[in-house]
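Structural overview for review
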Amino acid sequence: SPLVSFVTILLGEGLKPVPDEEVIELYGGTQHIPLYQMSDFYGKGPSLKQFMDIFSLPEMTLLSSVIDYFITHGIEFDQVHLYKDISDAIRDVHVKGVMYKWIEKDMEQYILHGDEIYAVLNRLVNHKKKLFLITNSPFSFVDKGMKHMVGKNWRDLFDMVIVQADKPNFFTDRRKPFRKLDDKGSLQWDKINQLEKGKIYKEGNLFDFLRLTGWRGSKVLYFGDHLYSDLADLMLRHGWRTGAIVPELETEIRIINTEQYMHSLTWQQALTGLLERMQMYQDAESKQVLLEWMKERQEIRSLTKNLFNPQFGSIFRTFHNPTYFSRRLVRFSDIYMASISCLLNYDVNFTFYPRRTPLQHEAPLWMDQLCTGCMKTPFLEEMVHIR
């Protein structure tokens, strides 16, 4: 079951939801997770693993499916062994390059043509912006993928290309030097004293990168799809601006703009306000009404969650609370979007201002806490008398 925030297990979720009582028993009679069991800064703790990137989707699916298979067929297993074996298998497929070979054999199936990506990059170059690429992938894979996605002259768009960078160590390890690759991808032996446009570099570290380029602080905007491996160190240690790419955002925005979602959320907020006020009445009839409203509110909460995903709900909220992913996303990214092509909707000099979200003591009335989207709904005027 996923974490709600830093220290709480969310009940009632999963491929096959485990009864609440069983979950609480598994965690020692509480939903609380002791701090010493929690993951460290990079999501790799002693007892609990946090899934925080696109690789997590197939990893979680594989874990769930294997566990389901073992349970269905009465096969005994140790959870630690199962997790380790699956994690090792996924790591080997990635690190040993098997995944890259499979994808390279069938680019059309796995990688989209990036007409909009090319448009974004070309637009930035035309506005005198300097572009750089830092990736953990090997050069052959990057070259074939970018040719397929952006075009054969993709390298002309970038001032710097660094492959097999070993992120997140690239951002923290000062020792590993840059090495130059020739056009065929073979390593050169010469010492790197400058990073030249059009050349391909391997490994290296951010401290040498900053020294050789002079690109520092908030003038740099770095995009990545992993909050820890890509963005956290750059924001916290180096003061770069960070942009998170969250592909799931496209589907989530489409759902929250449906009439069904907006109606459900609006009425859920209304019921919450009514419940808070109704508590002051202690007569039998009022208590009965209160119980009915509580039941209805719980049903609406489940309905709203299921609009996103019946097993896990939204990746951004667990009912009304932000998920752990949401909290980290807000902490480590200045801006987030479904795709870098979203930038085409804005002028290059456009400024994004942060939204002011009310704190609990700033918005005591439920109507004030409605999301902006709900203010468009036709149902709002009909319910204004509740306030």
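Conventions and cut-offs
Residues numbered from 1 in each chain as written. Predicted model: local features only at pLDDT ≥ 70, side-chain atom pairs only at ≥ 80, totals over all residues. Heavy atoms only, no water. Helix = DSSP H or I, 4+ residues; strand = E, 2+ residues; numbered from the N terminus. Buried < 20%, exposed > 50% of the residue type's maximum accessible area, 1.4 Å probe, protein only. Areas by Shrake-Rupley, 256 points an atom, 1.4 Å probe, with all protein chains shown as cover. pLDDT = per-residue confidence, 0-100. Contact = heavy atoms within 4.5 Å. Expected span 1.5 Å × (residues − 1). Pairing = 2+ DSSP bridges. Axes fitted to C-alpha atoms, helices over the stretch in contact; angles between N-to-C directions. Salt bridge = Lys/Arg side-chain N within 4 Å of Asp/Glu carboxyl O. UniProt positions renumbered as here; feature names shortened; annotations may be inferred.

- The chain is annotated in an unreviewed UniProt entry as 5'-nucleotidase domain containing 2 from Bubo bubo.

**A few points about the overall build of the chain**
- A tally of helices and strands in the chain yields 15 helices and nine strands.
- In the chain, which comprises 387 residues, the proportion classed as buried is 38%.
- Per element, the accessible surface of the chain, about 23900 Å² overall, is 54% carbon and sulfur.

**What about the confidence of the model for the chain?**
- Averaged over all residues, the pLDDT of the chain equals 84, while 86% of them reach at least 70.
- Confidence scores differ between elements of the chain, with helix H15 (residues 379-383) showing the lowest mean pLDDT of 50 and strand E1 (residues 132-134) the highest of 97.
- A low-confidence stretch, residues 365-380 stays under pLDDT 50, and its non-local contacts, those more than four residues away or across chains, total 36 contacts.

**Examining helix H6 (residues 115-126)**
- The terminal C-alpha atoms of H6 lie 16 Å apart, and with 12 residues this matches the ideal 16 Å at 1.5 Å per residue to within 8%.
- Looking one or two residues past H6, Lys128 carries a phi angle of roughly 70°, positive in sign.

**A closer look at the sheet that holds strand E4 (residues 200-203)**
- One open sheet accounts for four strands, arranged E1-E2-E4-E3; its pairing is mixed. Every other strand in the sheet has two partners, leaving E1 and strand E3 (178-181) as the edge strands with one partner each. Averaged over all pairs of adjacent strands, the angle between their axes in this sheet comes to 25°, without regard to strand direction.
- Relative to E4, strand E2 (residues 160-163) runs parallel, the two being bridged by three bridges. If you follow Val161 over to E4, its bridge partner there is Ile200.
- Where helix H9 (residues 206-213) meets the sheet, its contacts fall on E1, E2 and E3, and the angle it forms with E2 comes to roughly 165°.

**Here's the deal with the pattern of salt bridges**
- Considering all chains together, one arrives at 13 salt bridges under this definition.
- A salt bridge links Lys144 to Glu104; the nearest nitrogen and oxygen atoms lie 2.9 Å apart. Separated by 40 residues along the polypeptide, Lys144 in helix H7 (residues 139-149) and Glu104 in helix H4 (residues 98-105) bring together distant segments of the chain.
- On the basis of relative accessibility, which here comes to 43%, the residue Lys144 falls in the partly exposed class.
- Note that Glu196 and Lys180 form a salt bridge whose closest N and O atoms lie 3.3 Å from each other. Pair noted here: Glu196 is in the loop between E3 and E4 and Lys180 is in strand E3, with a separation of 16 residues, a long-range link.

**As for the UniProt feature "binding site: Mg(2+)" (unreviewed entry) in the chain**
- As recorded in UniProt, the feature "binding site: Mg(2+)" (unreviewed entry) lies at Asp225.
- Assessed through its relative accessible area of 41%, Asp225 is described here as partly exposed.
- If near-sequence neighbours (up to four positions away) are discounted, Asp225 is found in contact with Met52, Asp53, Ile54, Asp230 and Ile245.

**As for unusual backbone geometry**
- With an omega of 5°, the peptide bond between Lys167 and Pro168 qualifies as cis.
- Note on placement: Pro168 falls in the loop between E2 and helix H8 (169-172).
- If you check the backbone angles, Gln164 has positive phi at about 45° while not being a glycine.
- The residue Gln164 is located in the loop between E2 and H8 in this model.
- One non-glycine residue with positive phi stands out, namely Asp166, at about 65°.
- Structurally, Asp166 can be placed in the loop between E2 and H8.

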